[in-house]
Amino acid sequence: MRLFRTKVWSALDIGLLKWCCILVGMIAGAYLSDFTRGHVWAFAIVAVLAGAKPAWSYFRDE
């Protein structure tokens, strides 16, 4: 298993990776917003789930 390799990403994987990054940014912004701070665990769970699919596709041998 190589960590750095050429990979053709599907549109779904790119979209989920972007949403994962957005949600992680919202968690980082929790110090500025009471709403995000109150729901930080929900955002964290969604970020992990959204990031798991692209990671699984990347490391899967085809």
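Anyway, here's the lowdown on the structure attached to this text. These numbers come from a predicted model, not from an experiment.

A covalent bond between the sulfur atoms of two cysteines is what we call a disulfide. Throughout the structure, instances matching the rule amount to zero disulfides. Not engaged in a disulfide, the cysteine Cys20 finds its nearest cysteine sulfur in Cys21; these two sulfurs lie 5.5 Å apart.

All right, on to a nonpolar patch on the surface then. Where nonpolar side chains cluster on the molecular surface, the patch consists of Leu3, Phe4 and Phe59 and spans about 360 Å² of accessible area. Along the chain, the position of Leu3 falls in the segment before helix 1 (11–28). On the accessibility criterion, Leu3 (49% relative accessible area) is partly exposed.

A word on the packing of aromatic side chains. What characterises a pair of aromatic rings is the spacing of the ring centres plus the angle enclosed by the ring planes. A complete count under the given rule lists two aromatic pairs for this structure. Measuring from ring centre to ring centre gives 6.0 Å for Trp9 and Tyr58, while their planes differ by 25°; the resulting arrangement is stacked. With a gap of 49 residues between them, Trp9 in the segment before helix 1 and Tyr58 in helix 3 (residues 40–59) connect regions that are remote in the sequence. Ring centres of Tyr58 and Phe59 lie 5.0 Å apart, and the angle between their planes is 85°; this geometry places the pair in the edge-to-face category. Exposure remark for Tyr58: the relative accessible area of 12% places this residue in the buried category. Taken together, the ring pairs connect Trp9, Tyr58 and Phe59 into an aromatic cluster.

This part takes up the nonpolar core. In terms of nonpolar packing, the biggest core is built from five residues, these being Cys20, Leu23, Phe43, Ala47 and Ala50. Among the secondary structure elements, those contributing two or more residues to this core are helix 1 and helix 3. Top element by residues in this core is helix 3. It accounts for three residues. Leaving out residues up to four positions away in the same chain, Leu23 has contacts with Phe43, Val46 and Ala47.

Cut-offs applied
Residues numbered from 1 in each chain as written. Predicted model: local features only at pLDDT ≥ 70, side-chain atom pairs only at ≥ 80, totals over all residues. Heavy atoms only, no water. Disulfide = S-S within 2.5 Å. Patch = residues over 30% accessible without salt bridge, like charges linked within 9 Å, V, L, I, M, F, W, Y side chains within 5 Å. Areas by Shrake-Rupley, 256 points an atom, 1.4 Å probe, with all protein chains shown as cover. Salt bridge = Lys/Arg side-chain N within 4 Å of Asp/Glu carboxyl O. Helix = DSSP H or I, 4+ residues; strand = E, 2+ residues; numbered from the N terminus. Buried < 20%, exposed > 50% of the residue type's maximum accessible area, 1.4 Å probe, protein only. Phe/Tyr/Trp six-rings, centres within 6.5 Å; stacked < 30°, edge-to-face > 60°. Core = buried A, V, L, I, M, F, W, Y, C linked by side-chain atoms within 4.5 Å. Contact = heavy atoms within 4.5 Å.

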